[in-house]
Amino acid sequence: MVKITDDYLNNQQEFADAGIKVPTYDIKQKTGATKWVHFGGGNLFRAFHAAIADRLLESGDLDAGVVVAETHDKDVVQDAYKKFNDKILRVITHEDGNFEKELFASVADALFFDQSNPDGWNKLFKIFENPALQLATFSITEKGYNLWDSKGNLLPAIEDDIKNGPEAPKNNMASLTALMFARFKAGKYPMALLSTDNFSQNGEKLEKSVLTIAEGWEENGLVPEAFVDYLKDDHKVSFPLSMIDRITPNPSEAVSEKLKADGFEDYQIFHTPGHTNIAAFTNTEEVHYLVIEDDFPNGRPALDKVAGVTLTDRDTVNDADEMKVTTCLNPLHTALAVNGSLLGFDSIAKEVSDPDMLNLIKQIGYVEGLPVVKDPKVINPKTFIDQLVNKRLPNPYIPDMPQRIAADTSQKLSIRYGVTIQHYIDDPKRDPKDLHFIPLVLATWCRYLMAIDDQGKPFEPSRDPLLSELQPKVQDIKLGEKTDVHAHLKDILSNQKIFGHDLYEIGLGDVVEGYFTSQISGVGAVRKTLEDTLSKYAKQIN
Ligand SMILES: NC(=O)c1ccc[n+]([C@@H]2O[C@H](COP(=O)([O-])OP(=O)(O)OC[C@H]3O[C@@H](n4cnc5c(N)ncnc54)[C@H](O)[C@@H]3O)[C@@H](O)[C@H]2O)c1
Ligand SMILES: O=P(O)(O)OC[C@@H](O)[C@@H](O)[C@H](O)[C@H](O)CO
């Protein structure tokens with residue numbers, strides 16, 4: 001059996017026997033100063049960013065590995081990095097059943113960046129004080145950037161961080177701002193902070209969070225005004241936009257079993273107490289897109305040399321991101337996530353073999369979203385949906401689950417559906433009331449909050465920061481019993497933080513309530529409502 005920690009240069013045959021491709025570079029010889037830090041060393045980073053760095057180390061375009069900083073889950077550092085000498089095994093699960101296995105040695109170090117860990121804390125400050133650093137990338141989930149509660153007030157922990165200043169930050173955005181303050185003090189060195197999380201204008205959100213903290217510190221006299229000016233100076237600090245796409249499910253048992261059978265010893269999967277699902281390996285799909293705004297004030301690695309990575313202007317990235325996140329992929333995914341959880345699916349591939357589910361996502365993508373989305377030119381939106389529904393989602397070897405995608409849905413709805421709804425508001429020839437399937441999914445999410453499936457059995461919803469606030473609003477509803485739906489849903493459906501709109505103000509509140517009323521009318525009513533809505537409104541798709 002080959003272990004991930006085996007010396008990949010001197011034991012190439014062992015790796016080859018297990019069907020694993022290994023790097024030709026020696027990461028120990030790549031001793032340049034760190035140019036690239038990544039925050040959030042979860043599965044997406046391991047499958048995608050680490051692969052990009054690997055290609056650049058191979059081509060000689062990068063002379064140091066990426067340093068991974070975890071601010072959220074310290075067990076990720078131990079269980080997925082340190083234990084395996086920072087090596088990663090990536091498995092691409094092709095649709096013909098071929099599992100392509102490759103070892104990456106592109107992580108130079110991984111550390112838990114928190115004041116409780118002085119070693120990691122001090123190491124990252126040293127890296128940020130070094131002029132060589134060019135970029136920090138982020139894949140920390142939508143909620144990782146958030147400083148506000150659902151009513152728009154700063155979270156108490158953030159208020160504390162703003163009061164306490166750069167010496168003792170606790171939240172990850174405040175800790176990042178403290179790193180930037182150290183970089184400012186060391187010499188006002190430039191760099192890029194590049195969010196690669198799944199939401200529109202991700203760079204703007206990162207910028208807003210960092211500036212909110214920095215300006216709070218400045219108001220409290222804890223940092224000079226010049227620090228805020230440095231963060232706002234485009235020649236010093238940039239917050240490029242990005243669009244990232246690669247379906248990367250949590251490590252799966254099927255892949256683990258296959259690796260074991262192939263003679264790979266580190267096939268075990270870990271579920272950390274912080275709720276990350278991680279392993280020495282990561283499983284992902286073949287298709288991948290990364291479109292980045294080319295704005296790097298301190299230069300950048302030759303990212304554009306890597307297949308699948310496009311460097312372009314801000315508007316193009318914005319259009320590509322809007323195409324993927326608000327129209328052609330993520331809204332379809334969330335529809336599968338909430339419906340799949342209620343209808344008892346545990347596999348996305350199986351779910352899209354259900355004709356109703358396939359038709360639902362096609363209506364959302366082709367009929368409701370596509371007509372109002374701008375063509376980003378670098379990727380054709382129609383071709384993109386075609387590839388998604390015909391090739392990617394049905395791939396039985398991509399072990400994706402509705403339950404993974406359902407995590408944090410409350411944080412995603414305004415982006416995944418709110419932007420399309422806004423287009424219907426803005427276009428004088430359209431009306432949000434023309435939409436049928438998006439409101440149906442919003443109702444399905446409210447139905448999902450009840451945590452009772454369509455067979456009337458309880459299920460555990462995926463983790464979401466608003467569950468504790470929202471579930472009590474629907475918990476006393478019983479399937480098949482008459483109830484005042486408006487009284488139950490009005491606070492939820494009017495919450496602009498959740499949907500990007502007060503749904504009543506735009507004429508969709510009643511529509512969602514209508515679908516929900518139908519969905520709670522008894523066992524099987526979620527499926528029946530879906531069937532009825534499809535037979536009433538579905539359009540023919542060519
Ligand atoms: N997995 C995919 O298919 C995929 C594809 C495109 C984009 N993304 C983006 O990447 C993000 C991460 O996906 P993943 O597959 O790596 O997930 P994951 O569960 O494997 O890892 C999540 C990472 O985010 C960190 N994190 C979680 N909550 C945080 C918080 N509140 N503050 C700071 N860090 C936090 C975790 O510690 C971990 O490093 C997604 O939320 C999405 O925005 C994922
Ligand atoms: O990663 P999230 O939690 O924002 O969303 C879940 C999935 O929709 C997402 O991870 C997709 O797999 C991804 O966006 C594909 O590129």
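Nothing here was measured: the structure is a model prediction, and the numbers come from that model.

K.L.:
So what's going on with the site of ligand 1? Residues and values would help.
P.N.:
In the neighbourhood of ligand 1, 23 residues make up the surrounding shell, with Asn43, Leu44, Glu70, Asp197 and Thr248 lying closest. Take Asn198: an N or O atom from its main chain is 2.9 Å from an oxygen atom of ligand 1. When grouped by side-chain class, the residues that make up the shell around ligand 1 number four nonpolar, twelve polar and seven charged.

K.L.:
Requested: an account of the site of ligand 2, with residues and values cited.
P.N.:
Contacts to ligand 2 come from Glu142, Asn198, Asp245, Arg246, Ile247, Lys324, Asn330, His333, Arg404, Ile405, Lys412 and Arg416. Glu142 has a polar side-chain atom sitting 2.8 Å from an oxygen atom of ligand 2. In the environment of ligand 2, an oxygen atom lies 2.5 Å from a nitrogen or oxygen atom belonging to the side chain of Asp245. Starting from 400 Å² of accessible surface for ligand 2 in isolation, the protein chains cover 86%. Contributing elements (two or more residues each) for the shell around ligand 2: helix H11 (330-343), helix H15 (402-405) and helix H16 (409-416). Of the residues contributing to the shell around ligand 2, the split by class is two nonpolar, three polar and seven charged.

K.L.:
Talk me through unusual backbone geometry; I want residue IDs and the actual numbers.
P.N.:
Within the chain, His275 stands out as a residue other than glycine whose phi angle is a positive 75 degrees. Taking relative accessible area as the criterion, His275 reaches 45% and is therefore assigned partly exposed. One non-glycine residue with positive phi stands out, namely Lys377, at about 70 degrees. Residue position: Lys377 is located in the loop between helix H13 (355-369) and helix H14 (381-392).

K.L.:
Go over the side chain of Thr420, please, and point to the residues and values.
P.N.:
For Thr420, the location among the structural elements is in helix H17 (residues 418-426). In this structure Thr420 comes out as buried when scored by relative accessible area, which is 1%. At 3.1 Å, the side chain of Thr420 forms a polar contact with the backbone oxygen of Thr326. Setting aside anything within four residues of it in sequence, one finds Thr420 in contact with Thr326, Thr327, Glu368, Gly369, Val372 and Ile438.

K.L.:
Could you give me a rundown of the UniProt feature "domain: Mannitol dehydrogenase N-terminal" (unreviewed entry) in the protein, with the residues and numbers involved?
P.N.:
UniProt records the feature "domain: Mannitol dehydrogenase N-terminal" (unreviewed entry) at residues 35-305, using the numbering of this structure. Counting secondary structure, residues 35-305 comes out at 35% helix and 21% strand; the distance between its end C-alpha atoms is 17 Å.

K.L.:
Would you mind going over the pairing of strand E3 (residues 66-70) in detail, with residue names and values included?
P.N.:
In summary, the side chains of a regular strand alternate between the two faces of the sheet. Most of E3 is tucked away: five of the five residues are buried. Across the two faces of E3 the burial is the same, with Val66, Val68 and Glu70 and Val67 and Ala69 all buried. Judged from the three bridges that link them, strand E2 (residues 36-39) and E3 form a sheet pairing that is parallel. Paired with Val37 across the bridge in E3 is Val67. Read as a crossover between parallel neighbours, the route from E2 over helix H2 (residues 43-59) to E3 is right-handed.

Basis of the calculations
Here the residue numbers are simple positions, counted from 1 along each chain's written sequence. Whichever chain is written first becomes A and whichever ligand is written first becomes 1, with later ones labelled in order. Per-residue local features of the predicted model are confined to residues with pLDDT of at least 70, and side-chain atom pairs are confined, for both listing and counting, to 80 or more; whole-chain, interface and lining totals are unaffected and use all residues. Where side-chain values are given, they derive from all heavy atoms of the structure, hydrogens and water being excluded. The rule for a residue being near a molecule or strand is that one of its heavy atoms must lie within 4 Å of it. Polar contact is defined as a pair of N or O atoms within 3.5 Å, subject to the rule that within protein one atom must be able to donate a hydrogen and the other to accept it, and that residues adjacent in sequence are counted only when both atoms are side-chain atoms. Residues are sorted three ways: Asp, Glu, Lys and Arg are charged, Ala, Val, Leu, Ile, Met, Phe, Trp, Tyr, Cys and Pro are nonpolar, and all the rest, Gly among them, are polar. Only the protein chains shown count as cover for residues, and all accessible areas are computed by the Shrake-Rupley method using a 1.4 Å probe. Note on conventions: DSSP H or I runs of at least 4 residues are helices, E runs of at least 2 residues are strands, and numbering of each starts at the N terminus. Per-residue accessibility, obtained with a 1.4 Å probe over protein chains only, is compared with the maximum for each type, and a residue is labelled buried under 20%, exposed over 50%, and partly exposed between these values. Between two residues, a contact is recorded if the distance between any of their heavy atoms is within 4.5 Å. UniProt positions are given in the numbering used here, feature names are shortened, and annotations may be inferred rather than shown by experiment. When DSSP finds two or more bridges between a pair of strands, those strands are recorded as paired. With the strands pointing away from the viewer, any crossover whose connection runs clockwise from the first strand over the helix to the second is right-handed.

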